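An overview of the molecular structure
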Amino acid sequence: MPSSPNTVPSAVVLDLTERRVAYFSMEIALSKSLPTYSGGLGVLAGDTLRSAADTGAPILAVSLAHRRGYFEQHLDAQGQQTESDVVWFPEKTLPAASDILSISLQGRELKFRAWRFDVVGVTGHIIPVFLLDSDIEGNTPYDRTLTDHLYGGDNYYRLCQEGLLGLGGIKLLQSLGVKPEVHHMNEGHAALLTIGLLEERLAGAPLRNATDDDAKAIQQQCVFTTHTPVPAGHDQFGLDQMAAVLGHERASTIERFGALHNGLMNMTYLALRFSRYVNGVAMQHGKVSQHMFPEYKVHSITNGVHAATWLSAPMKDLFDREIPEWRHDNQYFRSVYGIDPWKIVEAHTAAKLRLFQTIKARTGVELDPKLLTIGFARRVATYKRASLLFKDPARLEAIAESLGGLQILYAGKAHPADNAGKALIRDVFSAAARINSSKLKIVYLENYDWELGEQLTNGVDVWLNTPLRPYEASGTSGMKAALNGVPSLSVLDGWWIEGCAEGITGWAIEDADDESQEAGNLYAKLEKAVVPAWQSPKVWARIRQHSIAVNGTFFNTHRMLGQYVSNAYFPLSSSVASTDQEIPDEEKIPAVVA
Ligand SMILES: *Cc1c(COP(=O)(O)O)cnc(C)c1O
């Protein structure tokens with residue numbers, strides 16, 4: 001754990017040779033106080049490792065230090081976003097975990113080292129996470145900044161970072177004497193580890209000597225999870241840039257093994273080419289990805305969340321009393337049906353009060369815990385359609401009037417370079433300013449992060465999600481809500497296709513041909529289903545119980561990691577990797593717009 005300066009703990013000695021899986025991710029949410037993540041991908045990576053620690057899995061992980069973080073969000077009165085760096089000092093926080101190492105990048109030597117963060121499980125099992133850092137004397141001033149900004153800088157900077165993550169990560173494992181059987185690429189950012197493995201296999205001989213058998217050997221060691229059906233979410237680089245950063249030997253090897261796509265270096269295709277197992281992050285996302293990459297077999301393992309991380313304290317207390325086994329085995333959440341639903345309501349109310357206290361302290365706004373409160377918080381990207389709820393403000397006001405009061409809480413960051421996303425935040429602000437009913441309160445909370453994500457999913461009454469189908473690969477915030485007894489109201493996309501039992505775990509917003517109609521469906525569902533259910537405390541209490549018993553039991557990373565272990569990392573029979581995949585019906589898959 002991070003600690004104050006001068007008290008950096010020394011690393012516990014671990015026998016790393018026992019680690020059979022190396023998990024690579026550009027971002028990992030390790031602790032609330034470290035800015036090493038931006039959103040869903042990093043939270044998933046962190047939750048995966050927390051479940052690995054709880055269940056004693058033989059895993060280690062590699063990422064970058066991100067000394068200046070993603071960013072802290074500031075919003076002015078109009079919702080105009082500005083950003084500032086979140087600076088931290090790994091050398092004052094974490095024990096060193098390597099000597100100074102180097103790889104060749106940009107035609108010169110890039111020096112780096114690793115710091116170790118330990119993820120500690122319920123029984124003390126440690127998952128070491130190695131954070132690579134290039135801020136080292138002897139590097140050029142530019143190279144010293146390469147591990148500063150998560151998703152910052154230009155395409156060239158990004159490729160350098162991905163070079164360090166993949167090639168540097170493999171170099172680190174060599175120096176530590178670790179030879180994992182499986183290398184798991186959590187998204188394409190880490191795909192260059194395949195080239196690192198190829199270089200290692202050739203033991204100093206030039207890459208041009210690599211044969212198809214060498215490529216096959218690398219493939220046997222790699223597993224790849226793809227995370228987005230949004231085409232812009234797949235990193236690609238021009239061939240000149242690839243040669244400039246990686247050098248001609250690596251560039252021509254990537255080309256020779258057919259890992260380019262449309263004449264570009266594409267990290268997703270590089271990962272696909274060199275993996276023996278590929279998956280999407282929810283059942284539908286696997287199918288959509290299968291259509292995007294018809295020449296590769298794509299499986300599905302639906303995401304989850306780490307229950308102990310995302311449950312509110314009062315909910316954890318309740319479960320510790322009633323079903324203590326949940327800590328090591330989340331299947332016990334099914335027994336929530338044996339708990340008096342009013343105890344669940346009571347625990348939820350405590351979390352709601354805590355959330356409202358936080359909001360009061362941060363914004364001065366006072367909210368009423370008796371009123372229905374809807375939460376909408378996520379990365380602000382255009383496909384997430386944050387302002388759909390405001391298509392028809394008069395109808396929303398009427399719903400609020402009928403309830404005697406409605407509260408809506410928003411939060412979310414737009415990527416600093418995403419001007420369309422930033423405009424969406426301003427849209428929500430201006431829609432809120434135009435509301436003209438004292439019964440409807442809308443609050444946009446600044447700087448959506450782990451802490452806020454936790455408090456919101458713990459304490460609101462309904463979790464709203466309105467993505468444009470089929471762009472939501474999975475989504476995990478609704479899973480956090482479900483664990484806390486909070487039903488979702490969502491478009492049937494991503495995980496919700498699997499999680500929605502209408503009127504039981506939440507509600508679906510029906511598809512429509514255009515956005516106004518879809519907004520109409522959203523209002524209709526609020527009027528006809530959500531409001532009547534809310535007005536019957538007994539019905540609502542049962543909905544809370546169903547959310548946990550039905551969805552909490554499944555949408556957790558203990559279950560998810562188990563599926564990775566038995567289907568991807570160490571399949572008991574080769575049939576998992578060799579069955580002919582049934583390609584789903586074209587008509588059932590919404591078109592992916594290029
Ligand atoms: C859980 C979480 C996310 C991911 O949620 P989605 O449902 O995928 O949008 C993003 N950011 C933070 C801070 C989170 O806690």
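Each residue is numbered by its place in its chain's sequence as written, counting from 1. For this predicted model, a pLDDT threshold of at least 70 governs which residues receive local features, and a threshold of 80 or more governs which side-chain atom pairs are given and counted, while totals over whole chains, interfaces and linings are taken from all residues. Hydrogens and water molecules were not included; the side-chain quantities draw on all heavy atoms of the structure.

1. Regarding the sheet that holds strand S10 (residues 236-237)
Spelled out, the test is: Two strands pair under a simple rule: DSSP has to find at least two bridges between them. Secondary structure elements follow DSSP: runs of H or I of four or more residues count as helices, runs of E of two or more count as strands, with numbering from the N terminus.
Strand order across the open sheet formed by three strands is S10-S12-S11, with antiparallel pairing between neighbours. With partners counted over all chains shown, the strands left at the sheet margins are S10 and strand S11 (260-261), one partner each. Pairing between S10 and strand S12 (residues 264-266): two bridges, direction antiparallel. Across the sheet, residue Gln236 finds its bridge partner in S12, namely Asn266.

2. Thoughts on the site of the ligand
For clarity, the threshold we go by: Summary of the distance rule: residues count as near a molecule or strand when at least one heavy atom falls within 4 Å of that molecule or strand. Under this definition, polar contacts are N or O atom pairs within 3.5 Å; protein pairs additionally need one hydrogen-donor-capable and one acceptor-capable atom, and for neighbouring residues in sequence, both atoms have to be side-chain atoms. The method behind every accessible area is Shrake-Rupley, applied with a 1.4 Å probe, and residues are considered shielded solely by the protein chains displayed. Put simply, Ala, Val, Leu, Ile, Met, Phe, Trp, Tyr, Cys and Pro go in the nonpolar bin, Asp, Glu, Lys and Arg in the charged bin, and everything else, Gly too, in the polar bin. For the domain bounds, the source is a domain assignment made automatically or taken from a database.
Inspection of the region around the ligand gives 13 residues, with Gly40, Arg378, Thr476, Ser477 and Lys480 positioned closest. Interatomic distance of 3.1 Å between a backbone N/O atom of Thr476 and an oxygen atom of the ligand. Within the contact set of the ligand, an oxygen atom lies 2.5 Å away from a side-chain nitrogen or oxygen of Ser477. Its free accessible area being 390 Å², the ligand has 94% of it covered by the protein chains. For the shell around the ligand, the elements supplying multiple residues, two or more each, are helix H1 (40-54) and helix H17 (477-483). Each residue belonging to the shell around the ligand can be placed in one class, and the counts come to four nonpolar, five polar and four charged. Here the shell around the ligand spans two domains, and each of domain 1 (20-303 + 573-588) and domain 2 (307-555) adds at least three residues to it.

3. Some details on the UniProt feature "modified residue: N6-(pyridoxal phosphate)lysine" (unreviewed entry) in the chain
Where we set the bar: UniProt positions are given in the numbering used here, feature names are shortened, and annotations may be inferred rather than shown by experiment. It only takes one pair of heavy atoms within 4.5 Å for two residues to be counted as in contact.
In the numbering used here, UniProt assigns the feature "modified residue: N6-(pyridoxal phosphate)lysine" (unreviewed entry) to Lys480. With respect to the helices, strands and loops of the structure, Lys480 is situated in helix H17. Other than its neighbours up to four places away in sequence, Lys480 contacts Val43, Val305, Trp310 and Thr457.

4. A word on the pairing of strand S5 (residues 101-105)
To be explicit about the condition: Residue exposure (1.4 Å probe, protein chains only): buried if accessible area is under 20% of the type maximum, exposed if over 50%, otherwise partly exposed.
Because side chains alternate across S5, one face comprises the buried residues Leu101, Ile103 and Leu105, and the other comprises Ser102 and Ser104, none of which is buried. Connecting S5 to the antiparallel partner strand S6 (residues 108-120) that follows it, the hairpin turn spans two residues, and Gln106 within it adopts a positive phi of roughly 55°.

5. Focus on the sheet that holds strand S14 (residues 299-300)
The strands making up a sheet associate through hydrogen bonds between their backbones, and the pairing can be parallel or antiparallel. Ordered in space as S5-S6-S7-S2-S1-S8-S9-S13-S14, the nine strands form an open sheet in which the pairing is mixed. Here the strands that pair on one side only, and so sit at the sheet edges, are S5 and S14. Across five bridges, S5 lies against S6 in antiparallel orientation. Each bridged residue has a counterpart across the sheet, and for Ser104 the counterpart in S6 is Glu109.

6. Some words on the domain arrangement of the chain
Spelled out, the test is: Note on terms: buried area is the combined drop in 1.4 Å-probe accessible area of two parts once they are placed together, counting the loss on both.
For the chain, the assigned domains read domain 1 (20-303 + 573-588) and domain 2 (307-555). Relative to domain 2, the C-alpha centre of domain 1 lies at a distance of 31 Å. The interface of domain 1 with domain 2 comprises 37 residues on the first partner and 38 residues on the second. Carbon and sulfur atoms supply 57% of the area buried between domain 1 and domain 2, which totals about 3000 Å² over both sides.

7. Some details on the pattern of salt bridges
Oppositely charged side chains can pair when the atoms bearing their charge come close. Filter applied, for reference: Salt bridges, as used here, are contacts in which a Lys or Arg side-chain nitrogen is within 4 Å of a carboxyl oxygen on Asp or Glu.
Using the criterion set out here, one finds 35 salt bridges in the structure. For Glu518, the salt bridge goes to Arg385, with nearest N and O atoms at 2.8 Å. Taken as a pair, Glu518 in helix H19 (residues 515-534) and Arg385 in the loop between strand S15 (372-377) and helix H14 (393-403) lie far apart in primary sequence, 133 residues in all. Here Arg385 falls in the buried class, since its relative accessible area comes to 6%. What emerges from the salt-bridge pattern is a single network uniting Arg67, Glu91, Asp133, Asp135 and Arg144.

8. Concerning unusual backbone geometry
Residue Arg469 is joined to Pro470 through a cis peptide bond whose omega torsion reads 0°. Summarising the element assignment, Pro470 is placed in the loop between strand S18 (462-465) and H17. Backbone geometry at Tyr151 places phi at a positive 55°, although glycine is not the residue there. Here Tyr151 lies in the loop between helix H3 (141-144) and helix H4 (155-176). Despite not being glycine, Glu187 shows a phi value in the positive range, around 80°. Note on placement: Glu187 falls in the loop between strand S8 (182-186) and helix H5 (193-202). The class for Glu187 is buried, based on a relative accessible area of 6%.

9. Quick look at the side chain of Thr505
Note that Thr505 resides in the loop between helix H18 (496-499) and strand S20 (506-509). Accessibility expressed as a relative area gives 1% for Thr505, which makes it buried. A distance of 2.8 Å separates a polar atom in the side chain of Thr505 from the backbone oxygen of Gly499. Among the polar contacts listed, one links the side chain of Thr505 to the backbone nitrogen of Ala501, at a separation of 2.8 Å.

10. Considering the confidence of the model for the chain
In plain terms, the rule: Scored from 0 to 100, pLDDT reflects the predictor's confidence in each residue.
In this model, the chain carries a mean pLDDT of 94, and residues with pLDDT of at least 70 account for 95%. Contacts for the low-pLDDT stretch residues 578-594, under 50 throughout, to residues beyond four places or in other chains number 27 contacts.

11. Side note on the packing of aromatic side chains
To keep it simple, the criterion reads: Note on aromatic contacts: the rings of Phe and Tyr and the six-membered ring of Trp form a pair at centre separations within 6.5 Å, being stacked when their planes are under 30 degrees apart, edge-to-face when over 60 apart, and tilted otherwise. Here, over-ring charges are defined by two tests on the NZ atom of lysine or the CZ atom of arginine: distance to the ring centre within 6 Å, and angle to the ring normal within 35 degrees.
Counting across every chain of the model gives 23 aromatic pairs. Ring geometry for Trp495 versus Phe555: centroids 4.8 Å apart, planes at 75°, classification edge-to-face. Taken together, the positions of Trp495 in the loop between strand S19 (488-491) and H18 and Phe555 in the loop between helix H20 (537-552) and helix H21 (557-569) put the pair 60 residues apart, joining distant regions of the chain. For the pair shown, Trp495 and Phe555 are each scored as buried. A connected cluster of aromatic rings, assembled from ring pairs, spans Phe376, Phe390, Tyr410, Phe429 and Tyr444. Over the face of the ring belonging to Phe570 we find Arg20, whose NZ or CZ atom lies 4.0 Å from the ring centre. Stacked on the ring of Phe274, the Lys or Arg Arg273 has its end atom at 5.2 Å from the ring centre.

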